[in-house]
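Commentary on secondary and tertiary structure
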There are 2 protein chains.
Amino acid sequence: MDSGWSLGRWQVTLYAVPNLPLIRAGDDLGSLICERASEDGFVFADGDVLVVASKVVSKAEGLLLRLADITPSTRAYELAQATGRDPRLCEVILQESAEVLGTNGRMIITRHRLGFHCTNAGVDRSNISPEYGAFAITLPRDPDASALAIRDVIRARAGRDVAVIISDSFGLPDRYGAIGLSVGLAGIRHVEERDMDNLFGQPTHSDLMLVDALAAAAMVLMGETGEARPVVVIRGVPYTRDESASFRGLLV
Amino acid sequence: MDSGWSLGRWQVTLYAVPNLPLIRAGDDLGSLICERASEDGFVFADGDVLVVASKVVSKAEGLLLRLADITPSTRAYELAQATGRDPRLCEVILQESAEVLGTNGRMIITRHRLGFHCTNAGVDRSNISPEYGAFAITLPRDPDASALAIRDVIRARAGRDVAVIISDSFGLPDRYGAIGLSVGLAGIRHVEERDMDNLFGQPTHSDLMLVDALAAAAMVLMGETGEARPVVVIRGVPYTRDESASFRGLLV
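Sequence positions are assigned chain by chain, starting from 1 and proceeding in written order. Chains carry letters and ligands carry numbers; both start at the beginning, A for chains and 1 for ligands, and go up in the order they are written. Reporting of local features is limited, given that this is a predicted model, to residues whose pLDDT is at least 70; pairs of side-chain atoms are given and counted only at 80 or more, and all residues count toward the totals for whole chains, interfaces and linings. Just so you know, side-chain values use all the structure's heavy atoms and leave hydrogens and water out.

1. Things to note about the overall build of chain A
Helix and strand assignments come from DSSP, with helices taken as H or I runs of at least 4 residues and strands as E runs of at least 2, each series counted from the N terminus. Summing up its helical and strand segments, chain A has 6 helices and 14 strands in all. The buried label applies to any residue whose accessible area, calculated with a 1.4 Å probe on protein chains only, is under 20% of its type's maximum; exposed applies above 50%, and partly exposed to all values in between. Burial status across chain A gives 58% buried among its 252 residues. The contact criterion used throughout is that any non-hydrogen atoms of two residues lie within 4.5 Å. Across chain A, the fraction of contacts at a sequence separation of at least 24, relative to all contacts at a separation of at least 6, is 59%. Per-residue accessibility takes into account occlusion by the displayed protein chains alone, with areas from the Shrake-Rupley method and a 1.4 Å probe. Summed over its atoms, the accessible surface of chain A is roughly 10,000 Å², and 48% of this surface lies on carbon and sulfur atoms.

Rendered as structure tokens:
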């Protein structure tokens with residue numbers, strides 16, 4: 001079934017790049033994206049926005065940590081006792097945090113070293129197998145740089161000027177589930193200034209957090225963890241291109 | 001320019017219904033949506049999800065309050081002193097709140113009577129003119145019922161079975177700007193249970209807050225306040241239909 005509409009300022013399309021393999025340390029994520037999109041008949045256009053789940057960026061960047069290699073500090077043992085979590089995982093969370101703000105059941109509420117508040121400093125854990133043991137994975141070291149690297153590969157391979165947003169899922173205090181928000185960006189201004197009419201028909205100015213709205217939108221196709229379909233291309237979004245954009249500008 | 005892709009599980013399209021008039025009390029929002037979409041050549045399909053900005057729902061439901069008609073309580077005067085806001089606006093905020101959690105500068109942090117935390121109980125104000133004075137507008141009385149009414153009109157007029165989500169913008173404590181989240185829904189289950197592989201290739205179960213992701217996605221076209229393009233149709237989203245769905249299930 002074809003959509004039947006033409007793309008314009010009234011329409012936006014989200015496309016999940018299919019058949020990406022499980023990403024491993026050292027993979028060139030930008031090239032894999034170009035290859036799988038091309039195999040699917042997808043042609044990048046100038047102005048496309050790629051939203052990439054942080055988890056696959058971290059995997060490509062080799063940020064899996066074997067918990068057996070981690071030596072917990074005294075503070076990590078205290079956090080483990082308060083939350084019922086593995087002290088080695090707590091140690092990784094501490095190393096990723098600028099500040100621990102408190103605990104709530106098993107959750108450790110942190111200010112991440114990148115500046116935003118999040119649960120467990122964005123650290124996930126999983127057991128691969130009894131043989132390999134338990135691993136933790138952290139957010140990318142510098143998500144703006146990760147986004148820029150993917151943008152550069154797509155410019156080199158596909159000849160197109162795209163924006164890249166690295167997303168992660170964030171919990172909201174009074175709702176179940178999580179929402180996708182940005183943690184890094186390249187090629188797109190961190191805030192979009194828009195002039196429009198308010199509900200009384202008066203012209204008003206608004207600062208739209210477009211990059212966060214795009215990260216949240218991508219979650220519709222990604223799913224919560226973004227692992228099955230970790231790369232979503234969004235087409236038809238008017239945005240301000242910015243070569244020196246930084247995620248830092250989004251934070252209060 | 002045509003999108004060139006076929007809709008499927010890898011693609012989602014957002015379409016803003018164009019040329020909606022400024023909504024007035026008593027307007028039949030569902031009928032206006034059908035008329036403007038039809039004039040634009042858009043044909044609703046079963047399974048489409050409509051995201052409707054709460055502001056236009058409130059306007060259609062006549063929820064504009066003239067501040068000159070409001071008599072502030074003692075508590076409203078106290079809040080006005082703490083925040084530098086109009087005591088009559090503070091009175092409206094109090095009436096819309098189950099609980100005032102605190103203040104932060106000019107912001108009044110509330111638990112809304114509908115159960116969620118939000119700034120100023122979702123009450124907006126604006127001056128229409130010196131002649132008409134200042135008005136406040138509240139969230140819909142029962143957003144699930146508002147969503148159901150729009151869904152019923154579209155079923156009656158277009159013969160299609162769609163889901164409807166009423167959205168509002170919510171601030172996040174450590175980021176500039178706001179994100180779109182749901183405040184009411186009809187025809188779509190409040191939580192989407194998905195089975196997928198995690199980043200280690202293991203099958204996992206996740207509860208996706210799809211309705212909030214869709215509300216956030218619509219903001220890409222709506223803009224922050226959702227007033228210029230207050231209705232966005234999202235096509236291609238797999239979701240669980242639920243005739244008795246309620247927003248309440250989303251809240252912790």
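2. As for helix α1 (residues 29-39) of chain A
Residue and element names in this part refer to chain A. Counted residue by residue, α1 has 8 buried out of 11 residues, so it is predominantly covered. Turning to α1, its buried residues are Leu29, Gly30, Ser31, Leu32, Ile33, Cys34, Arg36 and Ala37. If you follow the buried residues of α1, they end up packed against β1 (11-16), β2 (49-53), α2 (54-60), α5 (143-158) and β13 (231-235). Two residues or fewer after α1 comes Gly41, characterised by a positive phi angle close to 85°.

3. Comments concerning the pattern of salt bridges
All names here are of chain B. We count a salt bridge whenever a side-chain nitrogen from Lys or Arg sits within 4 Å of a carboxyl oxygen from Asp or Glu. Going through the model one piece at a time under the given rule, you end up with 39 salt bridges over all chains. Residue Arg36 is joined to Glu39 by a salt bridge in which the shortest nitrogen-to-oxygen separation is 3.5 Å. Placement of the pair is Arg36 and Glu39 together in helix α1 (residues 29-39), with a separation of 3 residues, close to one helical turn. For Arg36, a relative accessible area of 17% puts it in the buried group. Judged by relative accessible area, which is 61%, Glu39 ranks as exposed. Note that Asp161 is salt-bridged to Arg151, the shortest N-O span being 2.7 Å. Taken together, the residues span a long stretch of sequence, with Asp161 in the loop between α5 (143-158) and β9 (163-171) and Arg151 in helix α5 at a distance of 10 residues.

4. Observations concerning the pairing of β1 of chain A
Working note: regular strand, side chains alternate between the two faces of the sheet. Most of β1 of chain A is tucked away: 6 of the 6 residues are buried. Here β1 of chain A shows two buried faces, one formed by Gln11, Thr13 and Tyr15 of chain A and the other by Val12, Leu14 and Ala16 of chain A. Across 5 bridges, β1 of chain A lies against strand β1 (residues 11-16) of chain B in antiparallel orientation. By the bridge assignment for β1 of chain B, Gln11 of chain A is matched with Tyr15 of chain B. In terms of strand pairing, β1 of chain A meets β13 of chain A through 4 bridges, oriented antiparallel. Within the sheet, the bridge partner assigned to Leu14 of chain A lies in β13 of chain A and is Ile234 of chain A. One requirement defines pairing of two strands: DSSP has to find at least two bridges between them.

5. A closer look at the packing of aromatic side chains
Centres within 6.5 Å make a pair out of two Phe, Tyr or Trp rings, where for Trp the six-membered ring is used; the pair is then stacked when the planes are under 30 degrees apart, edge-to-face when over 60, and tilted otherwise. The full count for this structure, using the stated rule, is 8 aromatic pairs over all chains. Ring plane angle 5° and centroid distance 4.3 Å describe the contact between Tyr15 of chain B and Phe42 of chain B, whose orientation is recorded as stacked. One end of the pair, Tyr15 of chain B, is in strand β1; the other, Phe42 of chain B, is in the loop between α1 and β2 (49-53), and 27 residues separate them in sequence. The exposure class of Tyr15 of chain B is buried, given its relative accessible area of 4%. Given the relative accessible area of 4%, Phe42 of chain B is considered buried. Taking 5.4 Å as the distance between ring centres and 75° as the angle between the ring planes, the aromatic pair formed by Phe116 of chain B and Phe170 of chain B counts as edge-to-face. Of the two residues, Phe116 of chain B is situated in the loop between β5 (107-112) and β6 (117-119) and Phe170 of chain B in strand β9; the sequence distance between them amounts to 54 residues. Judged by relative accessible area, Phe116 of chain B falls into the buried class, the value being 0%. Residue class for Phe170 of chain B comes out buried when judged on its relative accessible area of 7%. Taking NZ or CZ as reference, Arg175 of chain A lies 5.0 Å from the ring centre of Phe170 of chain B, over its face. Arg175 of chain B extends its terminal NZ or CZ atom over the ring of Phe116 of chain A, reaching a point 5.9 Å from the ring centre. Placement of a charge over a ring requires the Lys NZ or Arg CZ to be within 6 Å of the ring centre, with the centre-to-atom vector within 35 degrees of the ring normal.

6. Focus on unusual backbone geometry
Residue and element names in this part refer to chain A. The backbone of Asn19 shows a phi angle near 60°, a positive value even though the residue is not glycine. Examined against the element boundaries, Asn19 turns out to sit in the loop between β1 and α1. Phi is positive for Asn120, which is not a glycine, with a value near 55°. In this structure, Asn120 sits in the loop between β6 (117-119) and β7 (124-129).

7. Points about the packing of helix α6 (residues 210-222) of chain A against helix α6 (residues 210-222) of chain B
Every axis corresponds to a line fitted to the C-alpha atoms, with the helix fit spanning only the stretch in contact, and the corresponding angles, defined between N-to-C directions, vary from 0 to 180 degrees. Contact geometry of α6 of chain A with α6 of chain B gives a least axis separation of 7 Å together with a crossing angle of 135°. In terms of axis orientation, α6 of chain A runs oblique to α6 of chain B. α6 of chain B is crossed by α6 of chain A, and the crossing has left-handed handedness. Contacts between α6 of chain A and α6 of chain B involve Leu210, Ala213, Leu214, Ala216, Ala217, Met219 and Val220 of chain A on the former and, on the latter, Leu210, Ala213, Leu214, Ala216, Ala217, Met219 and Val220 of chain B. Under the scheme applied here, ten amino acids are nonpolar (Ala, Val, Leu, Ile, Met, Phe, Trp, Tyr, Cys and Pro), four are charged (Asp, Glu, Lys and Arg), and all others, including Gly, are polar. For the contact of α6 of chain A with α6 of chain B, a count of residues per class yields 14 nonpolar, no polar and no charged. With respect to orientation, any angle under 35 degrees is reported as roughly parallel, any angle over 145 as roughly antiparallel, any angle of 65 to 115 as roughly perpendicular, and every other angle as oblique. Note: crossing handedness is left-handed where the near helix turns anticlockwise from the far helix by less than a right angle, and right-handed where it turns clockwise.

8. What about the side chain of Arg151 of chain A?
Residues and elements named next belong to chain A. The exposure class of Arg151 is buried, given its relative accessible area of 3%. Identification of polar contacts relies on pairs of N or O atoms within 3.5 Å, with a donor-acceptor requirement for protein atoms, meaning one able to donate a hydrogen and the other able to accept it, and with residues adjacent in sequence counted only if both atoms are side-chain atoms. Here Glu243 takes part through its side chain, which lies 2.5 Å from a polar atom of the side chain of Arg151. With residues near it in sequence (within four places) discarded, Arg151 still touches Asp161, Val162, Ala163, Val164, Ala186, Gly187 and Glu243.

9. Quick notes on the nonpolar core
Joining through side-chain atoms within 4.5 Å is the link that ties buried Ala, Val, Leu, Ile, Met, Phe, Trp, Tyr and Cys residues into a set, and such a set is a nonpolar core. Counting residues in each nonpolar core, the largest one holds 136 residues, and the members touching the most others are Phe44, Leu50, Val52 and Ile234 of chain A together with Phe44, Leu50 and Val52 of chain B. Filtering out sequence-adjacent residues up to four positions away, Phe44 of chain B remains in contact with Ile33, Cys34, Ala37, Leu50, Ile154, Ala158, Arg160, Val162, Val233 and Arg235 of chain B.

10. Remarks on the sheet that holds β6 of chain A
Either a parallel or an antiparallel arrangement is found when strands of a sheet pair, and the pairing is made through backbone hydrogen bonds. Residue and element names in this part refer to chain A. Strand order in the open sheet formed by 3 strands is β4-β5-β6, and the pairing between neighbours is antiparallel. Looking at the sheet topology across the chains shown, the edges are occupied by β4 (97-104) and β6. Pairs of neighbouring strands in the sheet enclose a mean axial angle of 25°, with direction left out of account. Bridge analysis of strand β5 (residues 107-112) against β6 gives 3 bridges, and the strand direction is antiparallel. Looking at β6, one finds that Thr110 is bridged to Cys118. The strands that helix α3 (residues 74-83) touches are β4 and β5; relative to β4, the one it contacts most, it runs at about 25°.

11. What to know about the sheet that holds β5 of chain B
Residues and elements named next belong to chain B. Read across the sheet, 3 strands follow the order β4-β5-β6 without closing on themselves; strand pairing throughout is antiparallel. Looking along the sheet, the strands with just one partner apiece sit at the ends: β4 (97-104) and β6. The average undirected angle you get between the axes of adjacent strands in this sheet is 25°.

That is the geometry; function is a separate question.
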